[in-house]
Amino acid sequence: MKTKHVPVPADSLAARYLPADYADAFECVCPLPATVTPDDVQAGFWIMAPKWVEALMKLRNRLVRPFGLEGGNSMSREEMAERIRQGTTDRSENETVISKDDKHLRFYVSVRIVREADSLARVTASTVVHLHNRLGKAYFTVIRPFHQLIVPSTLKNTLRRLSNI
């Protein structure tokens, strides 16, 4: 299973939030049960991260706390599902977009599933970021290289677990 960097799909709900200070998308074509929804992938993305990503996020949360930036908390699948429902800004049959607005930036995370032949699915995770101030710019400058490693790895890990590969 491979992920590749792609542009934010022009026909996706995530494209509604462009132009932005930063945008990217990662795509994976893989076998995926028809019962798996974009909400399932969104929840999995946040609670099924590889162990090295969890360790980095814990470190990130400790480092940003003194600056008044929010850190993530460990959540159950049910708590994450509720957070996704509350943070959903756009939804279609094949895509869910959630957002988080903080004092330093607003980000959108989209998961889109396009079903293909032979039980394959093209799953695209898009991120769109709008920076609010210099703190947001400084913060995102530091985390951007990690983001570009974390997202494809977490997407692949989530899809493996949801498809039982």
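Residues numbered from 1 in each chain as written. Predicted model: local features only at pLDDT ≥ 70, side-chain atom pairs only at ≥ 80, totals over all residues. Heavy atoms only, no water.

A. Spatial organisation of helix H4 (residues 134-163). In this model H4 runs 41 Å from its N-terminal to its C-terminal C-alpha over 30 residues, within 8% of the 44 Å that 1.5 Å per residue would give. Taking the largest bend as the criterion, H4 deviates by roughly 45 degrees, centred on Ile 143, and proline Pro 145 comes between one and four positions later. Between the side-chain oxygen of the N-cap and the backbone nitrogen of Leu 135 there are 3.1 Å, and the N-cap of H4 in question is Asn 133. (Helix = DSSP H or I, 4+ residues; strand = E, 2+ residues; numbered from the N terminus. Expected span 1.5 Å × (residues − 1). Bend = angle between axes of the 7 residues up to and from the residue. Polar contact = N/O pair within 3.5 Å; in protein donor to acceptor, adjacent residues only side chain to side chain.)

B. Up close: the nonpolar core. Ranked by size, the top nonpolar core spans 17 residues in total, and within it Leu 32, Val 41, Ile 113, Val 123, Leu 155, Leu 159 and Leu 162 carry the most contacts. Those elements that place two or more of their residues in this core are strand S2 (22-31), helix H1 (38-47), strand S5 (105-115), strand S6 (120-131) and H4. Looking at this core, the element that brings in the most residues is H4, giving 4 residues. Look past the residues within four positions of Leu 32 in its chain and what remains in contact with it is Ile 113, Arg 115, Ser 119, Ala 121, Val 123, Leu 159, Leu 162 and Ser 163. (Core = buried A, V, L, I, M, F, W, Y, C linked by side-chain atoms within 4.5 Å. Buried < 20%, exposed > 50% of the residue type's maximum accessible area, 1.4 Å probe, protein only. Contact = heavy atoms within 4.5 Å.)

C. Main features of the sheet that holds strand S1 (residues 3-6). Spatial strand order, S1-S2-S6-S5-S4-S3: 6 strands in an open sheet with antiparallel pairing. Of all the strands in the sheet, just S1 and strand S3 (88-92) have a single pairing partner and so form its edges. The sheet shows a mean angle of 15 degrees between the axes of neighbouring strands, direction not considered. Here H1 sits on the sheet and contacts S3, strand S4 (95-101), S5 and S6; the angle it forms with S5, its principal contact strand, is near 130 degrees. Packing of H4 onto the sheet brings it into contact with S1, S2, S5 and S6, and relative to S2 it is tilted by some 10 degrees. (Pairing = 2+ DSSP bridges. Axes fitted to C-alpha atoms, helices over the stretch in contact; angles between N-to-C directions.)

D. Representation of the pattern of salt bridges. The full count for this structure, using the stated rule, is 6 salt bridges. The salt bridge partner of Asp 90 is Arg 16, with a shortest N-O separation of 2.9 Å. With a gap of 74 residues between them, Asp 90 in strand S3 and Arg 16 in the loop between S1 and S2 connect regions that are remote in the sequence. Note on Asp 90: relative accessible area 14%, which makes it buried. Residue Arg 16 is classed as exposed on the basis of its relative accessible area of 56%. Salt-bridge contacts for Glu 116 lead to Arg 122; the nearest nitrogen and oxygen are separated by 2.7 Å. Since its relative accessible area comes to 26%, Arg 122 is described here as partly exposed. Among the charged side chains, a salt-bridge network with shared partners connects Glu 27, Glu 116 and Arg 122. (Salt bridge = Lys/Arg side-chain N within 4 Å of Asp/Glu carboxyl O.)

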